[in-house]
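Below, each chain spelled out in residue letters.
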Amino acid sequence: MSTFLVTIETDEDGVFVASCPGLPGCHTQGADFDEALKNIKDAIEIYIEHMTADEHEPDGSISVQLVEVPVTV
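Residues numbered from 1 in each chain as written. Predicted model: local features only at pLDDT ≥ 70, side-chain atom pairs only at ≥ 80, totals over all residues. Heavy atoms only, no water.

### Quick word on the pairing of strand β1 (residues 7-10)
Here β1 pairs with strand β2 (residues 16-19) via 4 bridges, running antiparallel. Within β2, the position partnered with I8 by the bridge is A18. Hairpin connection, β1 to β2: the antiparallel pair is bridged by 5 residues, and G14 has positive phi, about 85 degrees. (Pairing = 2+ DSSP bridges. Helix = DSSP H or I, 4+ residues; strand = E, 2+ residues; numbered from the N terminus.)

This is the structure we're talking about:
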């Protein structure tokens, strides 16, 4: 089992938009938070299933890093 950072935000129409920053292009949406969460889990699974061998690490894992960036507002 792997753990991925996901973001879920609402757009201007109230749709919940979910994305996985560690997997470029991996995003989806839902009518509510729970649906968006379910959909992004499904999207991550599909994304990983369709990755080529070159996109995986030698041990079969996926390289994802979470980096904190300090921002002064």
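### A look at the confidence of the model for the protein
Reading fine detail from the predicted coordinates is not recommended where pLDDT is low. Residues with a pLDDT of 70 or more make up 71% of the protein, whose mean pLDDT is 82. Highest mean pLDDT in the protein belongs to strand β3 (residues 27-30) (96); lowest belongs to helix α1 (residues 33-49) (92). (pLDDT = per-residue confidence, 0-100.)

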